[in-house]
Amino acid sequence: MAFTVAIDGPAASGKGTVSRQVAAHFGFAHLDTGLLYRAVGRQMLAGADPIEAARTLSPRDLERDDLRDSDAAQAASRVAVIPEVRAALLTFQRAFARRAGGAVLDGRDIGTVICPDAEAKLFITASDDIRAQRRFAELSESGAITSFDAVLADLRQRDTRDQARATAPLKPADDAILIDTSQMSIDEAVAQAVKIITQRGGKRADGGAPDRQ
Ligand code: DC
């Protein structure tokens, strides 16, 4: 049975972690759609034409180990404004969403454009400061040399571009449920997401007894 969970939100809102844990809870497959744009962005930085890169993207391109840094993030946000790039990535995302056994997709336009008929839609946000604090801690831990102010400026620049673009801008679907994680732990955010998805008819793929969530 197909069951699609669409999770959107701005950078570093916690949507990636929530999506992974929600997918694990229900036994659904998970697609981090940002990775598709990051992989195309990386190829653009290496001199490729982004439209061609999106049309020929392969699973191997998603395994590169340089997709998580801020250069890849900024490049992703830049290629994401190109309608042909978005169109080239659409079919793969839609097919993933309807695979048997359930799927969680996280990104910016999942509830609005990729899966407007998703059974459950969430929009996960947090304040700019909190998001920058989280991203700064993550980057510092991984040994990157940066400052809080640089991380905050980077996030804001990316959000502005993602929200202002003409094609599939970042915004909540009309029927999305908002979760603000500013004052929440990850466990609390996951519990809230699981509750909402269960209310929408989501069931664990293995049919097993619900866990502590
Ligand atoms: O989720 P992320 O930070 O990895 O996404 C990187 C960029 O990719 C983001 O700034 C905008 C773009 N993106 C998008 O336009 N649509 C999506 N569904 C996912 C990401």
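In what follows, the structure referred to is the one given above.
Remember, it's a predicted structure, so these values are computed and weren't measured experimentally. (Residues numbered from 1 in each chain as written. Predicted model: local features only at pLDDT ≥ 70, side-chain atom pairs only at ≥ 80, totals over all residues. Heavy atoms only, no water.)

Participant: In this structure, what is going on with helix α4 (residues 70-79)? I would like to understand it.
Facilitator: Since there are 3.6 residues in each turn of an α-helix, residues three or four apart along the chain are aligned in direction. Counting buried residues in α4 gives seven out of ten residues, a clear majority hidden from the surface. All buried positions along α4 are accounted for by A72, A73, Q74, A75, A76, S77 and V79. Check the buried side of α4 and you find it contacts α2 (34-45), α3 (50-55), α5 (83-97) and α8 (148-164). Residue D69 occupies the N-cap position of α4, its side-chain oxygen lying 3.4 Å from the main-chain nitrogen of D71. (Buried < 20%, exposed > 50% of the residue type's maximum accessible area, 1.4 Å probe, protein only. Helix = DSSP H or I, 4+ residues; strand = E, 2+ residues; numbered from the N terminus. Contact = heavy atoms within 4.5 Å. Polar contact = N/O pair within 3.5 Å; in protein donor to acceptor, adjacent residues only side chain to side chain.)

Participant: Which parts of the structure should I look at to understand the pattern of salt bridges?
Facilitator: For side chains bearing opposite charge, pairing can occur when the charged atoms are close. What the rule picks out here adds up to 13 salt bridges. For the salt bridge of R135 with E138, the shortest nitrogen-to-oxygen distance reads 3.2 Å. One end of the pair, R135, and the other, E138, are both in helix α7 (residues 128-141), three residues apart, so they sit about a helical turn from each other. Overall, R135 belongs to the buried group, its relative accessible area being 19%. D162 is the salt-bridge partner of R165, the closest N and O atoms lying 3.6 Å from each other. The same class applies to R165 and to D162, which are both buried. Each of R42, R64, D66 and D69 takes part in one network of salt bridges that share partners. (Salt bridge = Lys/Arg side-chain N within 4 Å of Asp/Glu carboxyl O.)

Participant: What exactly am I supposed to notice about the site of the ligand here?
Facilitator: Close contacts around the ligand come from 15 residues, with R38, R86, R108, R158 and D162 the closest. One nitrogen or oxygen atom from the side chain of R38 is found 2.6 Å from an oxygen atom belonging to the ligand. Take D162: an N or O atom from its side chain is 2.7 Å from an oxygen atom of the ligand. Considering the ligand on its own, with 450 Å² of exposed area, one finds that the protein chains cover 97% of that surface. Elements represented by at least two residues in the shell around the ligand include exactly α2, α4 and α8. (Near = heavy atom within 4 Å. Areas by Shrake-Rupley, 256 points an atom, 1.4 Å probe, with all protein chains shown as cover.)

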